[in-house]
Amino acid sequence: MQFPKTFYLRTYGCQMNELDSELVVGLLEKRGLKRIEQEDEADLLLLNTCAVREMAEKKVVGKLEEIFHKGKKGLIGVLGCLPVAKKDFFLKKFPHIDFLVGPKQLPDLLSILDQAVLQKKSVHLDSAAALEIDYTCAKRESSIKAYVSIMQGCNKYCTYCIVPYTRGKEISRPLASILEEVERLVALGYQEVTLLGQNVNSYGKDLPDQKTLFPDLLYALDHTGIKRIRFMTSHPIDISIDLMHAIRDLASVCEFVHFPLQSGSNRILEKMHRIYTKEDYLEKVELLRSIVPEVALGTDIIVGFPTETEEDFLETLTLFEQVRFATAFIFAYSPREKTPAARWVDDIPLKIKEERLQRMLSLFRTIDQQEKEKELGKTVEILVERFNKDLQKLKGKTKRAEKVIFDGNASLIGTLQNIRLESLSHQTFLGKLIDPTILPT
Ligand code: 5AD
Ligand code: SF4
């Protein structure tokens with residue numbers, strides 16, 4: 001078989017997968033392959049997959065069924081977490097897949113491809129591999145903001161979650177390597193980095209000297225001259241007072257914390273092995289708000305966890321109302337093979353899960369609208385990210401991660417601007433540039 005000239009890549013799942021896909025694109029383009037958008041015409045078809053919820057799995061399986069139904073043309077590789085979680089299933093159901101590659105083996109993609117061209121089917125799925133992934137080759141989607149991986153894996157073992165099994169144990173990337181990457185991004189003109197890890201707040205705890213923990217990393221990165229630093233995800237238990245002080249004291253660190261609650265019922269939190277109670281959670285939120293009053297909080301919620309009663313769910317609704325989250329990802333529980341919770345009866349009917357999901361969503365929308373209305377009239381700094389052709393407006397984000405559109409010249413893309421928030425359209429603010437020296441076009 002000839003070495004492929006073109007490739008099609010589709011990404012499912014989290015930001016870590018988006019970053020991994022940027023690495024894949026960088027590696028393949030370096031080898032001379034061209035990315036195309038027509039999957040039927042590509043010599044190499046890659047799916048970078050997610051295993052976190054059943055829905056993500058169904059999408060990938062459906063896509064592969066469609067591809068094989070049409071007839072296989074080029075090489076096909078399945079990347080990411082799903083083949084690690086369900087290797088045997090993939091090998092049995094789709095014997096024509098040429099290679100399976102876990103997140104930790106992506107840097108070996110080119111040699112894996114060489115083997116596939118020689119018609120050697122291969123499987124590379126060791127989640128325990130202690131390897132620091134070098135993202136130097138990544139082909140960034142944006143020239144303004146970039147994802148930066150600061151650690152791999154997770155040690156928390158929440159009972160519903162597959163991540164510790166697919167991405168392995170926590171391994172922090174050495175400080176020097178992160179600093180070098182961010183300095184390079186600054187030199188290239190990047191304005192914002194989002195530090196990625198499954199639980200960034202435990203950064204450094206696995207390193208031998210434990211001298212540089214997550215807040216120390218933020219102080220070090222602030223010196224690089226990067227304008228904005230975001231980070232995700234955080235486990236509430238590891239959000240420390242030092243981190244809260246870093247958010248308050250460092251101009252570059254954005255006032256937004258993704259603070260996954262998962263449930264507001266202590267009984268369910270215990271079953272989830274979240275290692276905090278709702279009282280602990282609220283205490284942290286109050287402390288954070290007393291130190292950083294303007295902070296916006298985001299969350300993840302799972303509804304319909306095994307044995308969740310209406311009373312448990314109402315406790316989650318109440319807590320949600322108390323905290324008034326600015327962003328929320330609400331999921332219906334789905335059992336994931338290998339996790340402890342998958343051994344329990346998935347006893348909440350789909351209909352009830354969906355109904356709870358809708359009730360939670362509708363509460364979120366109400367709170368979101370009320371909270372955003374309070375922001376109207378304020379002047380905020382936004383990073384201008386792009387020009388939206390459909391709306392003919394510039395688009396950017398506040399430090400609190402709110403979306404803002406406004407009239408202005410495309411030359412402002414990549415700059416920080418002061419904008420007055422004037423009105424709301426759905427969840428997006430319509431704003432006005434307030435610097436009188438720059439005339440809107
Ligand atoms: N079912 C539903 N949601 C899940 N999540 C993780 N595992 C599951 C599961 N088995 C959600 C959690 C986590 C987010 C990334 O995905 O809310 O924070
Ligand atoms: Fe999964 Fe997050 Fe829990 Fe780790 S902390 S096991 S990534 S839900």
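Being a predicted model, the structure only gives us computed values, none of them experimental.

1. Some remarks on the nonpolar core
Grouped together as the largest cluster of nonpolar side chains are 58 residues, with contacts concentrated most on Ile-150, Leu-195 and Phe-214. Among the elements that take part in this core, helix H13 (residues 350–375) stands out by supplying six residues, more than any other. Those residues in contact with Ile-150, other than ones at most four positions away along the chain, are Ile-171, Ser-172, Arg-173, Ile-178, Leu-195, Leu-196, Val-200, Tyr-203, Phe-214 and Leu-217. Among the nonpolar cores identified, the runner-up in size contains 28 residues, and Leu-9, Leu-33, Phe-99 and Tyr-135 belong to it.

2. Re the packing of aromatic side chains
For the coordinates displayed, the defined rule picks out twelve aromatic pairs. Relative to Tyr-333, the ring of Phe-305 lies with its centre 5.2 Å away and its plane at 75°, an arrangement referred to as edge-to-face. Here Tyr-333 lies in the loop between strand S14 (327–332) and H13 and Phe-305 lies in the loop between strand S13 (296–303) and helix H12 (310–323), a separation of 28 residues in the sequence. Taken individually, Phe-305 and Tyr-333 each receive the classification buried, so the pair is uniform in this respect. The residue whose ring lies beneath Arg-53 is Phe-331, and the NZ or CZ to ring-centre distance is 3.7 Å. Positioned over the ring face of Trp-344 is Lys-271, at 4.2 Å from the centre of the ring.

3. Some thoughts on the pattern of salt bridges
Evaluation of the coordinates by the stated rule reveals 38 salt bridges. The partner of Lys-139 in a salt bridge is Glu-29, with the nearest N and O atoms 3.1 Å apart. Here Glu-29 lies in helix H1 (residues 15–30) and Lys-139 lies in the loop between strand S6 (122–124) and strand S7 (145–149), a separation of 110 residues in the sequence. Each of Glu-39, Asp-40, Lys-63, Glu-66 and Lys-70 takes part in salt bridges that share partners, so that together they form one network.

4. Structural notes on the site of ligand 1
In the vicinity of ligand 1, the residues found are Val-52, Arg-53, Tyr-160, Gln-262, Asp-300, Ile-302, Phe-331, Ala-332, Tyr-333, Ser-334 and Arg-336. Measuring from an oxygen atom of ligand 1, one finds a side-chain N or O atom of Arg-53 at 2.6 Å. Here an oxygen atom of ligand 1 sits 2.7 Å away from a polar atom, N or O, in the side chain of Gln-262. Elements with a contribution of two residues or more to the shell around ligand 1: S13 and S14.

5. Details of the pairing of strand S15 (residues 379–388)
Judged from the five bridges that link them, S15 and strand S18 (residues 416–425) form a sheet pairing that is antiparallel. Bridge pairing in S18 places Leu-383 opposite Leu-416. As paired strands, S15 and strand S16 (residues 393–398) are joined by six bridges and run antiparallel to one another. Bridge pairing in S16 places Asn-388 opposite Lys-393. Hairpin connection, S15 to S16: the antiparallel pair is bridged by four residues, and Gln-392 has positive phi, about 55°.

6. A word on empty space enclosed by the protein
One pass over the full model with this rule turns up three cavities of 30 Å³ or more. Considering only enclosed or pocket space, the largest cavity measures out at about 120 Å³ in volume. Forming the walls of the largest cavity are Glu-39, Asp-40, Ala-42, Leu-45, Ile-67, Lys-70, Gly-71, Lys-72, Lys-73, Gly-74, Leu-75 and Ile-76. Contributions of two or more residues to the lining of the largest cavity are made by helix H2 (54–70) and strand S4 (75–80). Considered class by class, the residues forming the lining of the largest cavity number five nonpolar, two polar and five charged. As a volume, the second largest cavity reaches approximately 60 Å³. Taken together, ten residues make up the lining of the second largest cavity; nearest its centre are Glu-132, Ile-133, Gln-152, Ile-171 and Arg-173. Elements represented by at least two residues in the lining of the second largest cavity include exactly strand S8 (151–152) and strand S9 (171–172). Split into classes, the residues belonging to the lining of the second largest cavity amount to five nonpolar, three polar and two charged.

Quick notes on the rules
Residues numbered from 1 in each chain as written. Chains lettered and ligands numbered in written order. Predicted model: local features only at pLDDT ≥ 70, side-chain atom pairs only at ≥ 80, totals over all residues. Heavy atoms only, no water. Core = buried A, V, L, I, M, F, W, Y, C linked by side-chain atoms within 4.5 Å. Buried < 20%, exposed > 50% of the residue type's maximum accessible area, 1.4 Å probe, protein only. Helix = DSSP H or I, 4+ residues; strand = E, 2+ residues; numbered from the N terminus. Contact = heavy atoms within 4.5 Å. Phe/Tyr/Trp six-rings, centres within 6.5 Å; stacked < 30°, edge-to-face > 60°. Lys NZ or Arg CZ within 6 Å of the ring centre and 35° of its normal. Salt bridge = Lys/Arg side-chain N within 4 Å of Asp/Glu carboxyl O. Near = heavy atom within 4 Å. Polar contact = N/O pair within 3.5 Å; in protein donor to acceptor, adjacent residues only side chain to side chain. Pairing = 2+ DSSP bridges. 1 Å grid on protein atoms, 1.4 Å probe; cavity = no way out; pocket = protein on both sides within 12 Å on 5 of 7 lines; lining within 4 Å. Points joined across faces, edges and corners; volume = space filled by probe spheres on them. Nonpolar A, V, L, I, M, F, W, Y, C, P; charged D, E, K, R; others polar.

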